[in-house]
Amino acid sequence: MLEQLLKYHQNLLSDDFVKGVFKRIEKAYQTRIMILGACSILGMAIVLVALNSFMQISWYQTFEKYLFDTQFLVYVAVALLLLFTVCTRWLFDDGEFS
Amino acid sequence: MNLSQKSDQELVALAISSSDHKAFTEIVERYQVMIRQFLRRLTAGDTHMADDLAQEAFFLAFQKLYTYQGKGTLKSWLHTIAYRLFLKQIQKKPLLELDENQSILISEPQSALEADLLAEKLMQRLSADERVVMTLFMSAEMSHSDIVKVTNLPLGTVKSHIQRAKVKLHQLIEKSQLVA
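Residues numbered from 1 in each chain as written. Chains lettered and ligands numbered in written order. Predicted model: local features only at pLDDT ≥ 70, side-chain atom pairs only at ≥ 80, totals over all residues. Heavy atoms only, no water.

Enquirer: Quick one: what's the story with the overall build of chain A, residue by residue and with numbers?
Expert: Tallying secondary structure elements over chain A gives four helices and zero strands in all. Put simply, chain A has 98 residues, and 15% of those count as buried. Carbon and sulfur atoms form 68% of the exposed surface of chain A, whose accessible area is close to 7,700 Å². (Helix = DSSP H or I, 4+ residues; strand = E, 2+ residues; numbered from the N terminus. Buried < 20%, exposed > 50% of the residue type's maximum accessible area, 1.4 Å probe, protein only. Areas by Shrake-Rupley, 256 points an atom, 1.4 Å probe, with all protein chains shown as cover.)

Okay, here's the thing in structure tokens:
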């Protein structure tokens, strides 16, 4: 009798339950993206400040002539943008969510 | 690809290697009844807490799926996660355990819902350890060795908890008035 009483009786299959699980997973993923994003922005800010300081000391003076060369600046800007895009893609593409 | 025909190990491998969630959805669908019922018995019918813990258990399973090495069954692994979450929960909010000497009115269940409610009512008379081993043994139909893996209790303790819980429940049923 005890076995009969204690066995599972209801079939608690529910789509809402499954949706709830994936909602939690997605929320955790969004939180992680926000943390990674904030860390990336902070990191970039630190790099920019460091570069700026470095430029003021010697780099700027050494390569001053290049700074006024528009074509050179365009190449540098494109290269930096490409590097930033590749790094961002690498950082966020962990294959968990497509 | 028919996922319902895949074994647990194949589903875990697919869930880890593929970027879509179909394999993990299949795991949740396959085990949600068992884990939700397990936690309902442990919480003695607190359905809100039980479902919340069950969702958290599957969420943790998703995060830690890569650590599953296939040494035990997926069923045991999921029960272990659920049980640990339950232990954490009762540290925050201790369980309400009713006096085992007090008789209860047991009526013949007319539906599956009533039968589960009655089983949950009976669980209120057992300690947390007794609820866990009794549910794993009688409801989830696990072997003693699997129960040891899930609860991390020594085999002798598991057997004595089962025995003690059986005696308690038999006495309770004998003392109670069975209404047909």
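Enquirer: Provide a residue-level description of unusual backbone geometry, including the pertinent values.
Expert: All names here are of chain B. Within the chain, Ala-44 stands out as a residue other than glycine whose phi angle is a positive 55°. Note that Ala-44 resides in the loop between α2 (22-42) and α3 (47-63). Given the relative accessible area of 11%, Ala-44 is considered buried. Phi is positive for Asn-152, which is not a glycine, with a value near 65°. Mapped onto the elements, Asn-152 comes out in the loop between α7 (144-151) and α8 (155-175).

Enquirer: Describe the packing of aromatic side chains, listing the residues and the values that go with them.
Expert: Here the structure, examined in full by the defined rule, presents four aromatic pairs over all chains. Relative to Phe-58 of chain B, the ring of Phe-17 of chain A lies with its centre 5.8 Å away and its plane at 80°, an arrangement referred to as edge-to-face. Of the two residues, Phe-17 of chain A sits in helix α2 (residues 15-62) while Phe-58 of chain B sits in helix α3, which places them in two different chains. By relative accessible area, Phe-17 of chain A is classed as buried at 3%. Judged by its relative accessible area of 1%, Phe-58 of chain B falls in the buried class. Where Tyr-68 of chain B meets Trp-77 of chain B, the ring centres are 5.3 Å apart and the plane angle is 50°; that geometry is what we call tilted. For Tyr-68 of chain B, a relative accessible area of 10% puts it in the buried group. The class of Trp-77 of chain B is buried, set by a relative accessible area of 18%. (Phe/Tyr/Trp six-rings, centres within 6.5 Å; stacked < 30°, edge-to-face > 60°.)

Enquirer: Help me get a handle on helix α1 (residues 8-17) of chain B, residues and values and all.
Expert: Residues and elements named next belong to chain B. Residues Asp-8, Leu-11, Val-12 and Ala-15 constitute the buried set of α1. The buried residues of α1 occupy an angular sector of 100° when projected down its axis, which confines them to one face. Contacts made by the buried residues of α1 are with α2 and α4 (74-92). (Arc of directions from axis to C-beta. Contact = heavy atoms within 4.5 Å.)

Enquirer: Please provide a residue-by-residue account of the pattern of salt bridges, values included.
Expert: All names here are of chain B. In total, this model carries 10 salt bridges over all chains according to the counting rule given. Residues Arg-164 and Glu-130 are paired through a salt bridge, measuring 3.8 Å at the closest nitrogen-oxygen approach. Taken as a pair, Arg-164 in helix α8 and Glu-130 in helix α6 (residues 128-139) lie far apart in primary sequence, 34 residues in all. A relative accessible area of 43% places Arg-164 in the partly exposed class. (Salt bridge = Lys/Arg side-chain N within 4 Å of Asp/Glu carboxyl O.)

Enquirer: Let's hear about the nonpolar core: which residues, and what values?
Expert: The biggest cluster of nonpolar side chains holds 66 residues, and the ones touching the most others in it are Leu-6 of chain A together with Phe-24, Phe-38, Leu-39, Leu-78 and Met-134 of chain B. In this structure Leu-6 of chain A touches Arg-41, Ala-119, Leu-122, Met-123, Met-134, Met-138, Ser-139 and Leu-169 of chain B, once residues within four positions along its chain are discounted. (Core = buried A, V, L, I, M, F, W, Y, C linked by side-chain atoms within 4.5 Å.)

Enquirer: Can you explain the interface of chain B and chain A? Please cite residues and give values.
Expert: How large an interface is tends to be reported as the accessible area lost when its parts come together. At the interface, 40 residues of chain B touch 26 residues of chain A. Counting each side, the surface lost to burial between chain B and chain A is near 3,100 Å², with a carbon and sulfur contribution of 69%. For chain B, the biggest contributors to the area lost against chain A are Gln-55, Phe-59 and Met-138 of chain B; these three give 18% of the whole. The tally of links from chain B across to chain A stands at two salt bridges. One salt bridge connects Arg-24 of chain A with Glu-56 of chain B, and the closest N-O pair in it is separated by 2.5 Å. In this assembly, chain B and chain A are joined by 12 residue pairs in polar contact (both at pLDDT 80 or more). Elements with a contribution of two residues or more to the side of chain B that touches chain A: α2, α3, α5 (112-123), α6 and α8 of chain B. If you tally residues by element for the side of chain B that touches chain A, the top one is α2 of chain B, at 12 residues. When the residues that make up the side of chain B that touches chain A are grouped by side-chain class, the tally is 22 nonpolar, nine polar and nine charged. (Buried area = accessible area lost by both parts, 1.4 Å probe. Polar contact = N/O pair within 3.5 Å; in protein donor to acceptor, adjacent residues only side chain to side chain. Nonpolar A, V, L, I, M, F, W, Y, C, P; charged D, E, K, R; others polar.)

Enquirer: Give me the lowdown on the packing of α1 of chain B against α2 of chain B, citing residues and values where you can.
Expert: All names here are of chain B. It is the contact of α1 with α2, at a shortest axis distance of 8 Å, that shows an interaxial angle of 140°. Judged by the angle between their axes, α1 and α2 are oblique. Residues Asp-8, Leu-11, Val-12, Leu-14 and Ala-15 of α1 lie in contact with α2, whose contacting residues are Ala-23, Phe-24, Glu-26, Ile-27, Arg-30 and Tyr-31. Taken together, the residues of the contact of α1 with α2 break down into eight nonpolar, no polar and three charged. (Axes fitted to C-alpha atoms, helices over the stretch in contact; angles between N-to-C directions. Parallel < 35°, antiparallel > 145°, perpendicular 65-115°, else oblique.)

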